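# Residue-level structure breakdown
For reference, the chains in residue letters:
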Amino acid sequence: MTTIRKETNEDIEAVRQVHLAAFGGREDESRLADRIRESAGFVPELSLVAETSGRVEGHMLISKAELVDGQELEDTLVLAPIGVLPDAQGRGIGSELIKEGIRRAGQLGYKLIFLIGHPSYYPRFGFKPAVDSGLVLMQFDVPDDVFMVLELAEGELARLRETRKEKYGELKYPQTFFA
């Protein structure tokens, strides 16, 4: 049985290995997780591991970012990175991590989660293209359908549309994502 729980300091090396394996030896995601842990945007309750029989098989991190409307900034969340060991993929571990992260983010009072992800995978969790709600991402050059948002607080996207001062609201990933 797989348990989804909050990451501990003892999990950090195992989490690095999960991301290295999940992304073909590329270190970008494991380094990103390390940088986020050291940043002001880190939310410890939203760094989750999937553990089966004492082995960390997956990791997901949701951290703070900012939604910009003119000169006004609002805290929001972004989901990244997420990874599952290759030999544990296809068992729903990634889905369990995402669902639990969404549940915990809502309990903590956050209203939105953004991500850059595959448009055929993330909609099953309620994510939809952010551009449809008048939200843009200027920091990364990605197609509109991969920049997605999930509304945790009902009516939050409508509230943002109604109160927006600028034509678009812009998601700003923190500098942590660019180091």
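Preceding this paragraph is the structure being described.
Quick summary incoming for the structure in this document.

### Details of the pattern of salt bridges
A complete count under the given rule lists 18 salt bridges for this structure. For Glu 7, the salt bridge goes to Arg 37, with nearest N and O atoms at 2.8 Å. A residue pair is termed long-range when its members are at least 10 positions apart, and Glu 7 in the loop between strand E1 (2–6) and helix H1 (12–22) and Arg 37 in helix H2 (residues 28–37) qualify at 30 residues. Arg 26 is the partner of Glu 29 in a salt bridge, and the nearest nitrogen-oxygen pair spans 2.2 Å.

### A look at H2
For an α-helix, 3.6 residues make a turn, and residues three or four places apart therefore share a direction. Of all the residues in H2, the buried ones are Glu 29, Ser 30, Leu 32, Ala 33, Ile 36 and Arg 37. Buried residues along H2 cover an arc of 160 degrees about the axis, so they all sit on one side. Buried residues along H2 sit in contact with H1, strand E3 (55–69) and strand E4 (72–84).

Cut-off values and rules
- Residues numbered from 1 in each chain as written.
- Predicted model: local features only at pLDDT ≥ 70, side-chain atom pairs only at ≥ 80, totals over all residues.
- Heavy atoms only, no water.
- Salt bridge = Lys/Arg side-chain N within 4 Å of Asp/Glu carboxyl O.
- Helix = DSSP H or I, 4+ residues; strand = E, 2+ residues; numbered from the N terminus.
- Buried < 20%, exposed > 50% of the residue type's maximum accessible area, 1.4 Å probe, protein only.
- Arc of directions from axis to C-beta.
- Contact = heavy atoms within 4.5 Å.

Shape descriptors only; they carry no functional weight alone.
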